[in-house]
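# An overview of the molecular structure
So you can see what is in the structure, the chains are spelled out below.
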Amino acid sequence: MLLSTAFRLGLITSLFVPMAQPWAHAHVSETVGFDVEKMVIVWAADETGVAPIISDFVVDTDTGSGDADLLSGDVHTVVTGTLAPAFDVSGTSDVQSRLITVERSPSGGGQIDSNGNGQTDGGDTFSPFTLDDRTNLGLADSDTPSSFFVASNAPFNIDAEAIRVVGRGDWVLGKIFWDMSVTPTGADDGVGFGTSAQLPHTAGPDGGIAAVANLLDLKTRQTVFSGDRRTAISAGSIAEQSVRFDVIYTLGSWSGYHLAVQPTNLAEGIYEVEAEVTYTVWIP
């Protein structure tokens, strides 16, 4: 009996599994992904002259429709080496008077800039000078330096387009020479930049910059800088991960040459030359 009972128990046990109901089951599947978009931040001054302020925050939409600027308004340049706006926020003229020199005087003459502000204006004083039939006036090249700052986590490009605001026709844009460079680190008005940054092109401070002679070359929009790497190289603040783009505009001679001093003719009368240059920073 004991053996029989054991056998029956074994038989019942062996039949239990196939007689059981199937287990209910379901498949759950998901994909988790995170993304940090390509972005570039541009800062300098705003239209009211407040600086430093970020006025452009550009992200790559990756949708085929181009980049998107998440901030309204535009960045305005500052005077190189400072955070002072490179424009007159009062809305009045911000024209720089050209530096005048007296040339080929038998005695006296020279540069008329006693107050040392880089232009001839009502704040200067001058001594009498003699003249002969060769004595003439000269105009020194007039430089206007300006800057803006860029931080990025990806390579970026910069386009530029120039329009004449005041002058004697678009040909005058050809008399305004253009020179861009990149400053990797420094401190302007107490705000340090670049300690966690690298130059945005592997070829150095002049790398990726187009060969642009003057603003007439920019009458049609073109790319003036093509980067091949991000500015941010190590952890830091936005300013620390930024580099400074510097542009020097030089009003040269009417003959079309970039001269230290050029003759002027009183018959030309008075004139004013003014141009507006728009830079567009974008992610390729």
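Residues numbered from 1 in each chain as written. Predicted model: local features only at pLDDT ≥ 70, side-chain atom pairs only at ≥ 80, totals over all residues. Heavy atoms only, no water.

## Section: the pairing of strand E8 (residues 142–152)
Most of E8 sits out of view: 8 of its 11 residues are buried. Two strands pair when backbone bridges link them, and strand E4 (residues 78–79) and E8 are joined in this way by 2 bridges, in the antiparallel orientation. Residue Val78 lies in a different strand from E8, and its bridge partner there is Ser147. With 10 bridges joining them, E8 and strand E14 (residues 242–251) adopt antiparallel strand pairing. If you follow Ala151 over to E14, its bridge partner there is Ser242. (Buried < 20%, exposed > 50% of the residue type's maximum accessible area, 1.4 Å probe, protein only. Helix = DSSP H or I, 4+ residues; strand = E, 2+ residues; numbered from the N terminus. Pairing = 2+ DSSP bridges.)

## Side note on the sheet that holds strand E6 (residues 110–111)
Ordered by their spatial adjacency, 4 strands build an open sheet running E6-E5-E7-E15, and the pairing between neighbours is antiparallel. At either end of the open sheet lies a strand with only one pairing partner, and these are E6 and strand E15 (261–263). As judged from the 2 bridges shared by strand E5 (residues 100–103) and E6, these two strands associate in the antiparallel manner. The residue of E6 that forms the bridge with Val102 is Gly110.

## Observations concerning the environment of Gly186
Checked against the element boundaries, Gly186 lands in strand E11 (residues 186–188). Residue classification places Gly186 among the partly exposed residues on the basis of a relative accessible area of 31%. Taking C-alpha positions, Gly186 is 9.6 Å from Glu240, a pair spaced 54 residues apart along the chain. Leave out the neighbours within four places in its chain, and Gly186 touches Val191, Gly192 and Phe193. (Contact = heavy atoms within 4.5 Å.)

## Overview of the pairing of strand E2 (residues 53–60)
Direction of pairing for strand E1 (residues 39–44) relative to E2: antiparallel, over a ladder of 6 bridges. Bridge pairing in E2 places Ile41 opposite Phe57. With 3 bridges joining them, E2 and strand E3 (residues 67–69) adopt antiparallel strand pairing. From the neighbouring strand, Val59 faces E3, where its bridge partner is Ala68.

## As for the sheet that holds strand E16 (residues 274–282)
Spatially, the 3 strands line up as an open sheet ordered E13-E9-E16, and their pairing is antiparallel. In this open sheet, the two edge strands, each paired with only one partner strand, are strand E13 (222–226) and E16. Averaged over all neighbouring strand pairs, the angle between strand axes comes to 30°, with direction disregarded. Pairing of strand E9 (residues 157–166) with E13, which is carried by 4 bridges, proceeds in the antiparallel orientation. Across the sheet, Ala160 pairs through a bridge with Gln222, a residue of E13. (Axes fitted to C-alpha atoms, helices over the stretch in contact; angles between N-to-C directions.)

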